[in-house]
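Survey of secondary and tertiary structure
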Amino acid sequence: MAGHDMSAMPTDPYAAPMPGMAHGNMTTVGVVDHDRNGFDPTTMLTEWETGLTDLLPDGRTLRTFEVAAIDREIEIAPGIFFPAWTFNDRVPGPALRAKEGERLRIIFRNYGSHPHSMHFHGIHSARMDGVPGAGLIGPGEEFIYEFDAKPFGCHLYHCHALPLKRHIHKGMYGLFVIDPDPARHPENAAVAASRVLGSPENARWQELAMVMNAFDINFDGANEIYAVNTVGQAYMNAPIRIDKSRPVRIYLVNVTEFDPINSLHLHANFFDYYDTGTTLTPTLRTVDLIMQCQAQRGILEFSFAEHEDGMYMFHAHQSEFTELGWVGMFDVRGPEA
Amino acid sequence: MIRLLLLFVPLAVMLGAFVWIASLDPLRSFNNGAPPVEALTVERTILDETGIQILVRAGGSEAMQIAQVAVDDAYWTFTQAPPGAVARGTAVWVRIPYPWVLGEAHRVALLSNTGTAFEHEIAVAVPTPKATAGQLRIQALVGAIVGLLPVALGLMFYPAMRGVGRTGMNFLLALTVGLLAFLLIDMTLEALELSAGAAALFQGSAMVWLTALACFLLLMAIGRWRGQPEGLALAFYIALGIGLHNFGEGLAIGGAFAAGSAGLGTFLVLGFALHNVTEGIGIAAPMLRIRPPLWTFAALTLLAGGPAVLGMWTGSLAYAPQWSALALAVGAGAILQVMVEVSAYLMRQNSDRQAALFSPAVLGGFLGGLAFMYATAALIKV
Ligand SMILES: [Cu+2]
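Residues numbered from 1 in each chain as written. Chains lettered and ligands numbered in written order. Predicted model: local features only at pLDDT ≥ 70, side-chain atom pairs only at ≥ 80, totals over all residues. Heavy atoms only, no water.

1. Some points on the overall build of chain B
As a reminder, the rule being used: Think of it this way: any DSSP run of H or I at least four residues long counts as a helix, any run of E at least two long counts as a strand, and we number them from the N terminus. Remark: exposure states derive from per-residue accessible area (1.4 Å probe, protein chains only) relative to the maximum for the residue type, with buried under 20%, exposed over 50%, and partly exposed in between. For this analysis, residues touch if any pair of their heavy atoms sits within 4.5 Å. Here the open area of atoms and residues is found with the Shrake-Rupley method and a 1.4 Å probe, where only the protein chains shown may cover a residue.
For chain B, the count of helices and strands is 11 helices and eight strands. Dimensions of chain B, computed from C-alpha atoms along their principal axes, come out at roughly 75 × 70 × 35 Å. Relative to its 382 residues, chain B shows a buried fraction of 49%. Residue pairs at least 24 apart in sequence account for 77% of intrachain contacts in chain B once pairs closer than 6 positions are excluded. Of the accessible surface of chain B, which amounts to about 18,000 Å², a share of 71% is contributed by carbon and sulfur atoms.

Here it is as C-alpha cells:
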C-alpha cells in the first residue's frame, strides 16, 4: 500500500473515501447553453403543444398541429454536441396534446436531409401509419396525417423511416398525450376531468412531460449520454421545483435506443402508475420504481404533501444510466417557500 | 555574389509558392462537412490519494476540446491543466478525483466535443511510486542488481579468459556477437511495440527505424575516426551499446513498477541478472590481448550497467512511450554498430576469414550466445 496512505484519510465513517471526493464529484463539468440549443429541459417539462382548433360540421373539434423535420446540432451535455434530426428544432419533439374524440390533423413538412415520417402510437388507418408507403416523405415534401384521437392515454410518436434505430436515436420522437373525455367515463369522471389540460380539476396538478432518452455519440451502438429530455444531468444542475401542497403527475415515455429497458425510481416516496395511461384506475399502486421497455409509457401520480422540505432524487435504477446522466432532483417546498 | 543570388531566387520562389498555396487553401473544395480527425493518446497515468491523473497528448488534425470525462461509465468532475483546447501535438494533464480501488481495473473515457470517446484502460490500479528518496534508493538497488552486478560478474571472468588460445578467443567473440544479435532483435521489437502506443504524430515505426539507422551510422563514423576500433576502444563501444540496452531494460522494469503490472519478485530480478552476466563476458572478450589498467573495469561496469539505474528512475517517473521507444532505438543502432565492429575484429584475428567464420568455435559461440540469451530471457518474460 505504499503511497496509498490510509492515515491521511478522514476518520468520519460517512465521509468520502478520499479527501474532496463527495458524491457530488460524479457529475458532468460545465453547463449547457440552452439558449443556443433553443430549448431548455426545464421549460420542456411543462410545455404542451395543443395546436389550433376548429369546429367540424358535425360539432367535433378539429385539432391541427404543424411539425417540421429539421437537421440540427444540439448540445446534450456540457461541451458535447450531437448532430441531431429533430421535430420542430427540439429533442424530444413537441409534446402534442389532444382530447379523446377529437379529429386530429398533423401537417408534417420535411426540411431535413433524409426521408422522415411521423408514426403515431394510437389508433388510425393504415394509410396514416407513417411507415414507408404511408406518410414517409422525402426532403422538401409535405404530408398531412389525419385520424381520430383514441384511445386516451400517454402515447408517443416517432419517425418510422429506415434504418429505424438511427432515425429514432437521432432525436425523432416526442410525447403524444390524449386526455380522456370525462363525459365518456361517467364512472371515473372526476379522475378523467383532472387529466384534461386546462380544466379547473386539472389546475391543481403539477404535470410534467418526461421523455427518457439517450445518445450514442460515437456511433458504436451503445449510449454515452442518458437523460430525461435530452440533456444529461439537467435536473441535477437545475432541480425541478415542486410545490408540495399540490399533487404531481408525470407523463413518462421511454425512447432509449440500444438498451432494452429503462426505469424510473423515486427517492423517499411511492407513486401510483397507469401503464400506457389508458386506464383511469392505477395499474400499479404504491410503487417506487417502474420499468419501461422501449416505446412503453405511462402516467405516475404522487404527492410530497407529508414530506419535509428538501431535495428528493429521482433516477433510472440502472446505475449505469444514472452515472451517465439520467438523474435529477425534485426541489420540494411549500408554495410560499 | 552571383552564386548567392542563384541560391536566393529559388528560395524566394519556394517561399512565395507556400504562401500562395496556404492562401488559396486548395483543399477547401474537398471539405465535405466531415468532422476533423481526432486523436488522443494517454502517455502517463498517476494514481494517488487525490485520484487519477493522466497526461494526454492530442494528435488530431485540429486543436480539440476535452468536454467530459467518464470513469467506469460514470461522468466525473475533472480539471485540465492547461485548460482550453488542446493543440495538435501538445499534452495536458487531466486530473480526476476518482476513488479508484486498489488492485482493480478502471476504464477512463475522454469525450471530445464532437462526441468521440477515447478510452484508456488502467489494468491494475496501484498507487504510482512517488519520487521519494526511499523509492529512488530501492530502484537504484534493483537497477544495480540487474545492471551493474552481472556486468561486474562477467568481467570477473577476465583473468580466466586471458589464457584462451585462438579458438577460445574466436568462441568468445562469436559468443559476444550472438548475445548482441539477440539484444538487437529484442530491443527493436520492444521499441516498435512501445512506439505503437505513442501518439500518431511521432510516426512510431519510422521513428524507430530511422533513429536506429542514424545512430548506427554516426557511431560507425565516430568509431572509425582513427582506424578500426579494437582492444580497449572496442570494449568501450560494446559497453556503450550494452549500456543503452540496459537503459531500455531499466525503463521496462521502472515502467512495470509504476504500472504495477508486474509483480517484480526476487525471481524476476535474479532472472534479469543471470541474463546479463553474458554481457560482462562480451565486454571482456576484445581486451584479452592487452593488459588494461584496473580502473577501466570499473568504468566499463558503470558504462554498461549504470544506465539500468537511470532507466529505472526514468521509467517510473517520467515515462512516455515515444521517449522510451526513442531510447531503445538509439540502443539498437548502437548494438548494430558493435556487432559490426566485433565481427570485423574477429575476422581480422584470423588469416583465413572464410574458414574462421564457419569454424565450430565461431558458429558454436554465436549460436551459444543466442541460445543462452534466449533461454535466460524466458525466465523474465511475464
Ligand atoms: Cu426520420
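There's plenty left to go through after this.
2. A few points about the pattern of salt bridges
All names here are of chain A. This is how the line gets drawn: Salt bridge criterion: a side-chain nitrogen from Lys or Arg within 4 Å of a carboxyl oxygen from Asp or Glu.
All told, the structure shown has 21 salt bridges over all chains when counted by the stated rule. One salt bridge connects glutamate 146 with arginine 105, and the closest N-O pair in it is separated by 3.1 Å. Taken together, the residues span a long stretch of sequence, with glutamate 146 in strand E7 (residues 142–148) and arginine 105 in strand E5 (residues 103–110) at a distance of 41 residues. When its relative accessible area of 24% is taken as the criterion, glutamate 146 is described as partly exposed. The class for arginine 105 is partly exposed, based on a relative accessible area of 28%. Across the pair aspartate 309 and lysine 244 runs a salt bridge, and its minimum N-O distance is 2.9 Å. Highlighted residues: aspartate 309 in the loop between strand E18 (297–302) and strand E19 (310–315) and lysine 244 in the loop between strand E12 (240–243) and strand E13 (248–254), separated in sequence by 65 residues.

3. Some words on the interface of chain B and chain A
Accessible area lost during the coming together of the parts is what is often quoted as the interface size. For clarity, the threshold we go by: Reported buried area values correspond to the accessible surface (1.4 Å probe) lost by two parts on association, with both partners' losses combined. Identification of polar contacts relies on pairs of N or O atoms within 3.5 Å, with a donor-acceptor requirement for protein atoms, meaning one able to donate a hydrogen and the other able to accept it, and with residues adjacent in sequence counted only if both atoms are side-chain atoms. Residue polarity is assigned by list, with Asp, Glu, Lys and Arg as charged and Ala, Val, Leu, Ile, Met, Phe, Trp, Tyr, Cys and Pro as nonpolar; anything else, Gly included, falls into the polar class.
Contact residues are listed per partner, giving 28 residues for chain B and 26 residues for chain A. Buried surface at the junction of chain B and chain A, summed over both partners, amounts to about 2,200 Å²; 63% is from carbon and sulfur atoms. Contact with chain A buries area across many residues of chain B, yet Glu49, Gln68 and Tyr75 of chain B alone supply 30% of it, more than any other trio. Linking chain B with chain A are zero salt bridges. At the surface where chain B touches chain A, the tally comes to eight residue pairs in polar contact (both at pLDDT 80 or more). When residues of the side of chain B that touches chain A are traced back to their parent elements, those giving at least two are strand E3 (66–71), strand E4 (75–76) and strand E7 (106–112) of chain B. Here the side of chain B that touches chain A gets three residues from one element, more than from any other, and that element is E3 of chain B. Residue composition of the side of chain B that touches chain A, grouped by class: 14 nonpolar, nine polar and five charged.

4. Quick notes on the packing of helix H4 (residues 166–196) of chain B against helix H5 (residues 204–223) of chain B
Residue and element names in this part refer to chain B. Selection rule: Under this scheme, a helix contributes an axis fitted over its contacting stretch, all axes are lines through C-alpha atoms, and angles between N-to-C directions fall in the 0 to 180 degree range. For a crossing to be left-handed, the near helix must be turned anticlockwise from the far one by less than a right angle; the clockwise case is right-handed.
Their axes nearest at 8 Å, the elements H4 and H5 cross at an angle of 145 degrees. In the packing of H4 onto H5, the handedness of the crossing is right-handed. Residue-level contacts link Thr188, Ala191, Leu192 and Ser195 of H4 to Gly204, Ser205, Val208 and Trp209 of H5.

5. Topic: the confidence of the model for chain B
So the rule is basically this: A residue's pLDDT is the predictor's confidence in that residue, given on a scale from 0 to 100.
On average, residues of chain B carry a pLDDT of 82, and 93% of them reach 70 or more. Scored by ipTM, the complex comes to 0.74, with pTM at 0.76.

6. Brief notes about the environment of glycine 221 of chain A
Residues and elements named next belong to chain A. In this fold, glycine 221 is placed in the loop between strand E10 (206–215) and strand E11 (225–228). Sequence spacing of glycine 221 and aspartate 259 is 38 residues, and the spatial spacing of their C-alpha atoms is 9.6 Å. Residues in contact with glycine 221, not counting those within four places in the same chain, are Asp216 and Phe258.

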